[in-house]
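Next come the chains, spelled out residue by residue.
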Amino acid sequence: MGFINLLFWVIYPYVAITVFVVGLVLRFDKDPYGWTSKSSQILERRMLMVGSMLFHWSFIFVFIGHIMGLVIPPSFYLSLGISFSSYHEIAFYGGAVAGVLSVAGLVILLIRRLAVPRVRAIAGIDDYVTLGVLLVVMSSGLLNTLGFSLFVGPYDYRYTLGAWIRSILTLNPNLTIMATTPYTYQLHALLGLLFFAVLPFTRLVHIFSLPLPYLWRKNIVYRSMTKKEAPKVKSQTE
Ligand code: HEM
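To start, this report covers the structure provided alongside it.

About the cut-offs
Residues numbered from 1 in each chain as written. Predicted model: local features only at pLDDT ≥ 70, side-chain atom pairs only at ≥ 80, totals over all residues. Heavy atoms only, no water. Salt bridge = Lys/Arg side-chain N within 4 Å of Asp/Glu carboxyl O. Helix = DSSP H or I, 4+ residues; strand = E, 2+ residues; numbered from the N terminus. Buried < 20%, exposed > 50% of the residue type's maximum accessible area, 1.4 Å probe, protein only.

1. Some thoughts on the pattern of salt bridges
Right, on to step 1. Under the definition given, this model contains seven salt bridges.
Right, on to step 2. Among the ionic pairs, arginine 112 bridges to glutamate 44, the shortest N-O distance being 2.7 Å. Linking arginine 112 in helix H4 (residues 84-115) with glutamate 44 in the loop between helix H1 (2-30) and helix H2 (46-71), this pair joins segments that are 68 residues apart in sequence.
Right, on to step 3. Given the relative accessible area of 13%, glutamate 44 is considered buried.
Right, on to step 4. The partner of arginine 203 in a salt bridge is aspartate 127, with the nearest N and O atoms 2.9 Å apart. Of the two residues, arginine 203 is situated in the loop between helix H8 (183-198) and helix H9 (229-237) and aspartate 127 in helix H6 (residues 125-151); the sequence distance between them amounts to 76 residues.
Right, on to step 5. Owing to a relative accessible area of 2%, aspartate 127 belongs among the buried residues under this scheme.
Right, on to step 6. Among the charged side chains, a network of salt bridges with common partners joins Lys38, Asp126, Asp127 and Arg203.

What follows is the structure, encoded as structure tokens:
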């Protein structure tokens, strides 16, 4: 059991994180023009719009939920006066809605990929790996949020999964804490790490190409030329 714990909860996470970081750097260096989401909008638009919007917007909330539950320690919420039950209620309803919508969006994208002949024709193995890994990882997350909470009862993963993740991120790995975590949560954590390990080799790299500088860069002002400027520019170009 000692070695299994070491393998699953220390060695495997660091291997996955290393593959993630080194893979991204190498991919960016060797294949900068392949750093794309490979849009197929030109081949089919309607299903893409519905599936992609559902998936991307709700995924942002799933991501924020993971940071809130796993990276921020519970002491922070207690200092704000947020009790376990209040936290659980917010996490349960927020997570359930975001999780169901994002998995629904993903299923639409998968059906589109398989059922629309033009989209299927350009599909490569990485498209199926991307959608398949996302589906397995996200369904296993939802299994916990909905299945565990409804059928077993509320589980405060912030003290186990959260403490483990924080121990990995601070390079002080806690070897034993995950052994006390329910199996469905263990499964989701192992699959979640797989997501990071495969990400650099798929079109998911586009996650890191969000055009965020648009939020703070100076506006570009477009205006028509005044009558005075127009002849000057004309003579310069002649
Ligand atoms: C090591 C990495 C990960 C850990 C430890 C982790 C942990 C968790 C936990 C504790 C929950 C909440 C369960 C509950 O409410 O009882 C959850 C839910 C979920 N996870 Fe993860 N997760 C990881 C990675 C991922 C990744 C990479 C994805 C997506 C690609 C993902 C998708 C989901 C989804 C869709 C849900 C259900 C909605 C929600 O509650 O946010 N997880 N995960």
